[in-house]
Amino acid sequence: MKRLCAGRRRLQRAFSGVSPTDRWLMLFLAILLGQSAYSLFAGPGGSPESGDIDVIVRTASAAIFGYFLSARGRRPAGGPDKADGCLAAAAAVGLFCLVVLLALRNLPPGDPAAAGSDSATATVAQFRDFVSGCVGLLIAVPAGQAGEAPDA
């Protein structure tokens, strides 16, 4: 129980320095990525508009992820490094996408969720790009310049 409380306090401290805009964007991204992952495992939706909605979900996800990746170049004059919070967000996205891709890769052969619809193929490609982009970002951050990790 003590670990749970300590973890919650660390999470609250980590989010205390994140702007309200970034918090909302993180929430949107969590919902969008959750929908993308669900659609990979549940198969295509029954609605005729589901393909169009999937495109919107992927586009919005890519835009928000790009915003977090671009934070490395944004630092207000004399202010704290905004990139530190965006770095933790980009890393979380990369890890989420990696876990989903590994779970999808390990589905039994012939599973209907891995049928390979156009939407599933596009989502897998996007998740692959998110993982690659996140790894590239983390490699590009020089040691000691990213600030302290939230759980340190």
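Everything discussed here concerns the structure shown above.
Worth saying up front: this structure is predicted, and the values here are computed from it rather than measured. (Residues numbered from 1 in each chain as written. Predicted model: local features only at pLDDT ≥ 70, side-chain atom pairs only at ≥ 80, totals over all residues. Heavy atoms only, no water.)

Novice: Describe the pattern of salt bridges, naming the residues involved and giving the relevant values.
Specialist: Charged atoms that come close allow side chains of opposite charge to pair. Enumeration over the complete set of coordinates arrives at one salt bridge. The partner of D129 in a salt bridge is R128, with the nearest N and O atoms 3.3 Å apart. Among the residues examined, D129 registers a relative accessible area of 44% and is labelled partly exposed. (Salt bridge = Lys/Arg side-chain N within 4 Å of Asp/Glu carboxyl O. Buried < 20%, exposed > 50% of the residue type's maximum accessible area, 1.4 Å probe, protein only.)

Novice: Can you break down the packing of helix α3 (residues 50-69) against helix α5 (residues 118-140) residue by residue, with the values?
Specialist: The N-to-C vectors of α3 and α5 enclose an angle of 5 degrees; their axes lie 11 Å apart at closest approach. On the basis of their axis angle, the class for α3 and α5 is roughly parallel. Within the contact between the two elements, α3 uses D54, R58, S61, A62, F65 and L69 and α5 uses S119, A122, T123, Q126, F130, G133, C134 and L137. Across the contact of α3 with α5, the residue classes tally to seven nonpolar, five polar and two charged. (Axes fitted to C-alpha atoms, helices over the stretch in contact; angles between N-to-C directions. Helix = DSSP H or I, 4+ residues; strand = E, 2+ residues; numbered from the N terminus. Parallel < 35°, antiparallel > 145°, perpendicular 65-115°, else oblique. Contact = heavy atoms within 4.5 Å. Nonpolar A, V, L, I, M, F, W, Y, C, P; charged D, E, K, R; others polar.)

Novice: Give me the lowdown on the packing of aromatic side chains, citing residues and values where you can.
Specialist: Inspection of the entire model under this criterion finds three aromatic pairs. Ring geometry for F65 and F130: centres 4.4 Å apart, planes at 35 degrees, overall tilted. In this pair, F65 is assigned in helix α3 and F130 in helix α5, connecting sequence segments 65 residues apart. With a centroid separation of 6.3 Å and an interplanar angle of 65 degrees, the aromatic rings of F96 and F127 are classed as edge-to-face. With F96 in helix α4 (residues 83-105) and F127 in helix α5, the pair connects residues that are 31 residues apart, well separated along the chain. The exposure class assigned to F96 is partly exposed, which follows from its relative accessible area of 32%. (Phe/Tyr/Trp six-rings, centres within 6.5 Å; stacked < 30°, edge-to-face > 60°.)

Novice: Mind laying out the side chain of R58, listing which residues take part and the relevant values?
Specialist: Relative to the assigned elements, R58 resides in helix α3. Of the buried charged residues, R58 lacks a salt bridge, with D54 as the closest side chain of opposite charge at 4.8 Å. (Lys, Arg positive; Asp, Glu negative; His and termini not counted.)

Novice: An account of the state of the cysteines is requested, with residue identities and associated values reported.
Specialist: Considering all chains together, one arrives at zero disulfides under this definition. There is no disulfide at C134, and the cysteine sulfur nearest it, in C97, is 8.8 Å away. According to the relative accessible area criterion, C134 is buried, its value standing at 4%. (Disulfide = S-S within 2.5 Å.)

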